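If you want the building blocks of each chain, they are given just below.
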Amino acid sequence: LAREYTATVGKLRISLDKAAVDYIPWCVFISEFDGPTYVESSTVKTVLHTYADTLAEAKQVAAKFVTSRN
């Protein structure tokens, strides 16, 4: 089972992380960057940082955020 998922959608970098198996929920962390890629950016700004109880819920939170930005 993976404990980290990362995706780039446009100028948004999305990370879903499970820090601990037993008690910490999924972390949803979305950053906005200004370069051609996340790594090549000079400015990276956190636009969302929240938690979700399940991976499915974390994916829904991320999808809803990305959709609201378009």
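Residues numbered from 1 in each chain as written. Predicted model: local features only at pLDDT ≥ 70, side-chain atom pairs only at ≥ 80, totals over all residues. Heavy atoms only, no water.

Grouped together as the largest cluster of nonpolar side chains are 12 residues: Leu-12, Ile-14, Leu-16, Trp-26, Val-28, Ile-30, Leu-48, Ala-52, Ala-58, Ala-62, Phe-65 and Val-66. Among the elements of the structure, β2 (12–18), β3 (26–33), β4 (44–52) and α1 (55–69) are those that each provide at least two residues to this core. No other element matches α1, which puts four residues into this core. Filtering out sequence-adjacent residues up to four positions away, Leu-12 remains in contact with Ala-7, Ile-30, Ser-31, Glu-32, Phe-33, Val-47, Phe-65, Val-66 and Arg-69. (Core = buried A, V, L, I, M, F, W, Y, C linked by side-chain atoms within 4.5 Å. Buried < 20%, exposed > 50% of the residue type's maximum accessible area, 1.4 Å probe, protein only. Helix = DSSP H or I, 4+ residues; strand = E, 2+ residues; numbered from the N terminus. Contact = heavy atoms within 4.5 Å.)

This part is about the sheet that holds strand β1 (residues 4–9). Reading across the sheet, the four strands line up as β1-β2-β3-β4 and stay open at both edges, with antiparallel pairing between neighbours. Where the open sheet ends on each side, the last strands, each with one partner, are β1 and β4. On average, adjacent strands in this sheet sit at an angle of 15° to one another, irrespective of strand direction. Bridge count between β3 and β4: eight bridges; the pairing is antiparallel. Within β4, the position partnered with Trp-26 by the bridge is Ala-52. Its contacts with the sheet place α1 against β1, β2, β3 and β4, and it is angled at close to 165° to β2. (Pairing = 2+ DSSP bridges. Axes fitted to C-alpha atoms, helices over the stretch in contact; angles between N-to-C directions.)

Our focus in this paragraph is the side chain of Lys-18. Position of Lys-18 among the secondary structure elements: in strand β2. When sequence neighbours within four positions are dropped, the list of residues in contact with Lys-18 reads Arg-3, Ile-24, Pro-25 and Trp-26.

Enumeration over the complete set of coordinates arrives at two aromatic pairs. Pairing Tyr-5 with Trp-26 gives two aromatic rings, centres 6.1 Å apart and planes at 40°, and the pair type is tilted. Linking Tyr-5 in strand β1 with Trp-26 in strand β3, this pair joins segments that are 21 residues apart in sequence. Residue classification places Tyr-5 among the partly exposed residues on the basis of a relative accessible area of 34%. Plain terms: the ring middles of Phe-33 and Tyr-38 are 5.9 Å apart, the flat faces sit at 90° to each other, and that makes the pair edge-to-face. Residue Tyr-38 is classed as partly exposed on the basis of its relative accessible area, which comes to 29%. Over the aromatic face of Tyr-38 sits the side chain of Arg-13, whose NZ or CZ is 4.6 Å from the ring centroid. The positively charged end of Lys-59 is found above the aromatic ring belonging to Tyr-5, 5.8 Å away from the centroid. (Phe/Tyr/Trp six-rings, centres within 6.5 Å; stacked < 30°, edge-to-face > 60°. Lys NZ or Arg CZ within 6 Å of the ring centre and 35° of its normal.)

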